[in-house]
Amino acid sequence: MSNIKCVDKFGKAEEDIVQEPEARLKQLISNSAVHVDADIPIRRYYRSGQELLRMAITYHEEGSQENAYTLYHKYMVLFLQEISKHPEYSTYPIEIKKRNKKRCMSLLEVAEKLKKQLFERYQAEYEKFVTQQVLVEQELDKRRQQELEERRRLIEEEEARTLGHEDAKSRRLDHEDDEARRSRWQEEDSEEGHRHSPPPPAYHDVVWSTNEDDDNSRCSSAALYPSQSLDLPSAPQQQDFPALPSSDTTTSSRIAVPQLPSRALKPVSGSSSGSNSVPSIDRSSKPTSLLGGGGASLRRVRLPQKMVDQFMLLAATNTARNIETCGVLAGIMRKGELHVTHLLIPKQSGTPDSCTTQHEEQLFAVQDKHDIITLGWIHTHPTQTAFLSSVDLHTHCSYQLMMPEAVAVVCAPKHKETAVFTLTPDHGLNYIAQCKQTGFHPHPAHPPLFVKAAHAVLENNADIEVIDLR
Ligand SMILES: [Zn+2]
Ligand SMILES: [Zn+2]
């Protein structure tokens, strides 16, 4: 399979514009690669599988076909293929495994139908692109022809100008010759009387020889035509075209053929996806986060400011005793953005610098009941500033490995500070995932392992539902 390349008027490939439908589908499938990490407990995969399906359904309902297909495909790859490689698989409850496999079978049909729709859309976009490409080529040919004609016209004008110049020069010479002849004749006449007939008329279309040795006037046609050695620009040869920018004559440099903007070559995709642009495709085929949207960039996460305020109130008693408090951020996906709608406070045990959740299954039950997905977590630093400790980094890593947009909110009331963090996706996430140490331990500070989450936005008017399970 080959990509169509945009070829500009100099035959240079600019960029891949659109791929053949099969290649685009293949790309989508490679975006759905799933890798099961033996260090992540298997229940987390089953848990995230639920959320994966929730997101896939939302994407499907919103008409985001690529994302829906990618997530359905991920789900099936995970539970029909990859999960059995997990070391805990053999001991995991058989009824849960069966339930997931059954769901996969029912999804096969949905995914196949989506795939067919995507293929048809890609096919239509591709055909449209090819048609546009032909039109653009025709337009370029037309312009090349116009340029050639313009060149020819300018050359003819130049020739005509040069000819006129030569002609005028000839006439000047001609006139001077006549004058000399006249005066010579007059001199002779005065000396020898009227031996000669009157002076000849001054011809303007012939040149009289000025050879002093030859007194007989003689007509020459040589000066009527420009010399063959005149330095005129030669007409361009078709096969040399195009030779712009030219350095030889001013004639050609005056002709500027505007280049067609390459943007014009880009096909407009069908409206079935609700988007007018060709979907951006991550060309790397490395496995992506389980709950990632499949796109190259992170989706925006919207967090209500009220969530932070209410969490601080709920944590106040612990904070006063210098004990950390933690909560889970959950919500929904809408139009490609993630909205934190629920703050869940699980049963927990805290210390001045740590907080451990208990009875996770209660959390999961609440999430299933409300049909919400995990978007991150929040915790207090009663006396310290807002940052992520080494233990925090490892806690957050398991969130972000599943959901690339997951955020860690840290509230530091003593310093009147609240920050929203994320592991750096190009370094911190992998580094922490590889780090096998536990408890508090040092990590190198550079390059940074975490940063403030640029994709997170605190919203003043959004509401939050708080569910305190303590
Ligand atoms: Zn912390
Ligand atoms: Zn570590």
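Look above for the structure.
These remarks concern the structure in this document. Nothing here was measured: the structure is a model prediction, and the numbers come from that model.

1. Considerations on the coordination of the zinc ion (ligand 2)
In step 1: His-394 (NE2), Cys-435 (SG), His-441 (NE2) and His-443 (NE2) make up the full set of protein donors to the zinc ion (ligand 2), lying at 2.0 to 2.3 Å.
In step 2: The coordination sphere of the zinc ion (ligand 2) comprises four donor atoms, whose angles at the metal cover 89 to 118 degrees; the geometry is tetrahedral.
In step 3: When the donor residues of the zinc ion (ligand 2) are listed from N- to C-terminus, their spacing reads H-x40-C-x5-H-x1-H. As far as burial versus exposure is concerned, Cys-435 and His-441 are alike and both buried.

2. Concerning the coordination of the zinc ion (ligand 1)
In step 1: Taken together, His-379 (NE2), His-381 (NE2), Asp-392 (OD) and Asp-392 (OD) make up the full set of protein donors to the zinc ion (ligand 1), lying 1.8 to 2.7 Å away.
In step 2: Each of the four donor atoms around the zinc ion (ligand 1) contributes to a set of angles spanning 54 to 169 degrees, which defines the coordination as irregular.
In step 3: In primary sequence terms, the donor set of the zinc ion (ligand 1) follows H-x1-H-x10-D. Within this pair, whereas His-381 is found in the loop between strand S10 (373–380) and helix H8 (390–402), its partner Asp-392 is found in helix H8, the two being separated by eleven residues in sequence.
In step 4: For His-381, a relative accessible area of 2% corresponds to the buried category.

3. Section: the packing of aromatic side chains
In step 1: Tallying each qualifying case throughout the model produces five aromatic pairs.
In step 2: Pairing Trp-377 with Tyr-399 gives two aromatic rings, centres 6.0 Å apart and planes at 5 degrees, and the pair type is stacked. Taken together, the residues Trp-377 in strand S10 and Tyr-399 in helix H8 connect sequence positions 22 residues apart.
In step 3: Classification of Trp-377 as buried rests on a relative accessible area of 6%.
In step 4: Accessibility expressed as a relative area gives 15% for Tyr-399, which makes it buried.
In step 5: Through pairs of rings, three or more aromatic residues link up here, namely Tyr-46, Tyr-75, Phe-79 and Tyr-92.

4. Description of helix H3 (residues 65–82)
In step 1: End to end, H3 covers 24 Å across 18 residues, agreeing with the expected 26 Å (1.5 Å per residue, within 8%).
In step 2: Taken across its 18 residues, H3 has 16 buried, putting it largely inside the fold.

5. Some details on the layout of surface pockets
In step 1: Of the volumes computed, that of the second largest pocket is approximately 1,100 Å³.
In step 2: Forming the boundary of the second largest pocket are 48 residues, of which Arg-44, His-394, Thr-395, Ser-398 and Tyr-399 lie nearest the centre.
In step 3: Mapped by element, the contributors of at least two residues to the lining of the second largest pocket are helix H2 (42–61), strand S6 (326–334), strand S9 (354–358), helix H7 (360–370), S10, H8 and helix H9 (428–434).
In step 4: The residue inventory of the lining of the second largest pocket, partitioned by class, reads 20 nonpolar, 17 polar and eleven charged.

6. What about the nonpolar core?
Most often, soluble globular proteins keep nonpolar side chains buried together rather than apart.
In step 1: Judged by nonpolar contacts, the single largest core of 82 residues is most densely connected at Leu-303 and Leu-329.
In step 2: Two domains share this core, each providing at least three of its residues, namely domain 1 (1–294) and domain 2 (301–468).
In step 3: Among all residues touching Leu-303, those that are not within four sequence positions of it are Leu-329, Val-340, Val-407, Val-409, Val-420, Ala-456, Val-457, Leu-458 and Glu-459.

7. Let's talk about the pattern of salt bridges
In step 1: Per the stated rule, a full pass over the model turns up 23 salt bridges.
In step 2: A salt bridge links Asp-371 to Arg-54, with the shortest nitrogen-to-oxygen separation between them at 2.8 Å. You can see Asp-371 sitting in the loop between H7 and S10 and its partner Arg-54 sitting in helix H2, a full 317 residues away along the chain.
In step 3: On the accessibility criterion, Arg-54 (12% relative accessible area) is buried.
In step 4: The closest approach of N and O atoms between Arg-121 and Glu-125, which form a salt bridge, is 3.2 Å. Taken as a pair, Arg-121 and Glu-125 lie in helix H4 (residues 94–192) at a separation of four residues, close to a single helical turn.
In step 5: Within this structure, Arg-24, Glu-66, Arg-121 and Glu-125 form a network of salt bridges that share partners.

Quick notes on the rules
- Residues numbered from 1 in each chain as written.
- Chains lettered and ligands numbered in written order.
- Predicted model: local features only at pLDDT ≥ 70, side-chain atom pairs only at ≥ 80, totals over all residues.
- Heavy atoms only, no water.
- Donors = N, O, S within 2.8 Å, 3.2 Å for Na, K, Ca; no water.
- Tetrahedral: all angles 85-135°; square planar, octahedral: opposite > 155°, others 65-115°.
- Buried < 20%, exposed > 50% of the residue type's maximum accessible area, 1.4 Å probe, protein only.
- Helix = DSSP H or I, 4+ residues; strand = E, 2+ residues; numbered from the N terminus.
- Phe/Tyr/Trp six-rings, centres within 6.5 Å; stacked < 30°, edge-to-face > 60°.
- Expected span 1.5 Å × (residues − 1).
- 1 Å grid on protein atoms, 1.4 Å probe; cavity = no way out; pocket = protein on both sides within 12 Å on 5 of 7 lines; lining within 4 Å.
- Points joined across faces, edges and corners; volume = space filled by probe spheres on them.
- Nonpolar A, V, L, I, M, F, W, Y, C, P; charged D, E, K, R; others polar.
- Core = buried A, V, L, I, M, F, W, Y, C linked by side-chain atoms within 4.5 Å.
- Domains from an automatic or database assignment.
- Contact = heavy atoms within 4.5 Å.
- Salt bridge = Lys/Arg side-chain N within 4 Å of Asp/Glu carboxyl O.

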